[in-house]
Amino acid sequence: MLASIGLAVEIAGVAIAAISQKPKKWPTFASKRRDFAEELDFDLPHHLALVEWLRTFPLDQRETLSEFVGYRNERMKEKLPMLTGSIEKLGALPIVIALYLQFKDMHWPPHPSWVEIFLIFVMVLGYWLSVLQISVRLRLQLYETLLRKALT
């Protein structure tokens, strides 16, 4: 018994010593801005290359694509609130509030009924579908922006 406790303390000591040797990079506001600036610097040549590639297409084809993507983007803006409401502005807040209300009076170990399990599954599925819809809308906005730049 005593030997196993000593071994556990020794393993913990070696782990702490190994972790303390790693260089620490604490997240700060300045480092987040720096990381974002580096990401923009990395993405700009790719963005410009995409615009140049799109300019290789004939002008009438670019105009047709731009009109189509603009139409699809407007339709997506109209249809998205049917599924998400204003979830794209609130982020994860509606889910956090719903989970709090769901679990505030819960005791341990939890014993949810089948109805509660089903409703939780539907809620998470709805949130996941809304995140997918927002991702598609953001991609459409990018396509629209690239095509608009390629037309000028």
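Here is what the cut-offs are and how they apply
Residues numbered from 1 in each chain as written. Predicted model: local features only at pLDDT ≥ 70, side-chain atom pairs only at ≥ 80, totals over all residues. Heavy atoms only, no water. Helix = DSSP H or I, 4+ residues; strand = E, 2+ residues; numbered from the N terminus. Buried < 20%, exposed > 50% of the residue type's maximum accessible area, 1.4 Å probe, protein only. Areas by Shrake-Rupley, 256 points an atom, 1.4 Å probe, with all protein chains shown as cover. Contact = heavy atoms within 4.5 Å. Core = buried A, V, L, I, M, F, W, Y, C linked by side-chain atoms within 4.5 Å. Patch = residues over 30% accessible without salt bridge, like charges linked within 9 Å, V, L, I, M, F, W, Y side chains within 5 Å. Salt bridge = Lys/Arg side-chain N within 4 Å of Asp/Glu carboxyl O. Phe/Tyr/Trp six-rings, centres within 6.5 Å; stacked < 30°, edge-to-face > 60°. Axes fitted to C-alpha atoms, helices over the stretch in contact; angles between N-to-C directions. Parallel < 35°, antiparallel > 145°, perpendicular 65-115°, else oblique. Left-handed = near helix turned anticlockwise from the far one by under 90°. Nonpolar A, V, L, I, M, F, W, Y, C, P; charged D, E, K, R; others polar.

Enquirer: Looking at this structure, how should I read the overall build of the protein?
Expert: Regarding its fold elements, the protein presents six helices and zero strands. Among the 152 residues that make up the protein, the fraction classed as buried is 14%. Carbon and sulfur atoms make up 69% of the accessible area of the protein, which totals about 12,500 Å².

Enquirer: So what exactly am I meant to see when it comes to the side chain of Ser66 here?
Expert: Note that Ser66 resides in helix α3 (residues 59-84). By relative accessible area, which is 17% here, Ser66 ends up buried. Apart from residues no more than four positions distant in its own chain, Ser66 is found in contact with Leu147 and Leu151.

Enquirer: What am I meant to see in the nonpolar core here?
Expert: Nonpolar side chains in soluble globular proteins generally cluster together in the buried interior. Membership of the largest hydrophobic core is limited to eight residues, which are Val51, Leu54, Val69, Met76, Leu140, Leu146, Leu147 and Ala150. Contributions of two or more residues to this core are made by α2 (29-54), α3 and α6 (114-151). Looking at which element gives the most residues to this core, the answer is α6, with four residues. Not counting residues up to four positions away in its chain, the partners in contact with Leu54 are Arg62, Leu146, Leu147 and Ala150.

Enquirer: I tried to follow a nonpolar patch on the surface on my own but got confused; where do I start?
Expert: A cluster of nonpolar side chains, namely Val115, Phe118, Leu119, Phe121, Val122, Leu125, Trp128, Leu129 and Leu132, defines an oily patch on the protein surface of about 880 Å² accessible area. Positionally, Leu129 belongs in helix α6. The exposure class of Leu129 is partly exposed, given its relative accessible area of 35%.

Enquirer: Is there a simple way to explain the packing of aromatic side chains in this structure?
Expert: Two descriptors summarise a pair of aromatic rings, namely the distance from one centre to the other and the angle between the planes of the rings. With the rule as written, the count across this model stands at one aromatic pair. Relative to Phe57, the ring of Trp53 lies with its centre 5.0 Å away and its plane at 90°, an arrangement referred to as edge-to-face.

Enquirer: Where do I start with the pattern of salt bridges in this structure?
Expert: Where charged atoms from two side chains of opposite charge come close, those side chains can pair. All chains considered together, the criterion is met by one salt bridge. The closest approach of N and O atoms between Glu52 and Arg55, which form a salt bridge, is 3.0 Å. Since its relative accessible area comes to 46%, Glu52 is described here as partly exposed. Given the relative accessible area of 33%, Arg55 is considered partly exposed.

Enquirer: Any chance you could explain the packing of α2 against α6 here in plain terms?
Expert: The description of two helices packed together rests on the angle between their axes and the distance between the axes. Where α2 meets α6, the axes come as close as 8 Å, and the angle between the chain directions of the two elements is 60°. Here α6 runs oblique to α2, going by the angle between their axes. Crossing geometry of α2 relative to α6 is assigned as right-handed. Two secondary-structure elements touch here, α2 through His47, Leu50, Val51 and Leu54 and α6 through Leu146, Leu147, Lys149 and Ala150. Per-class residue counts for the contact of α2 with α6 are six nonpolar, one polar and one charged.

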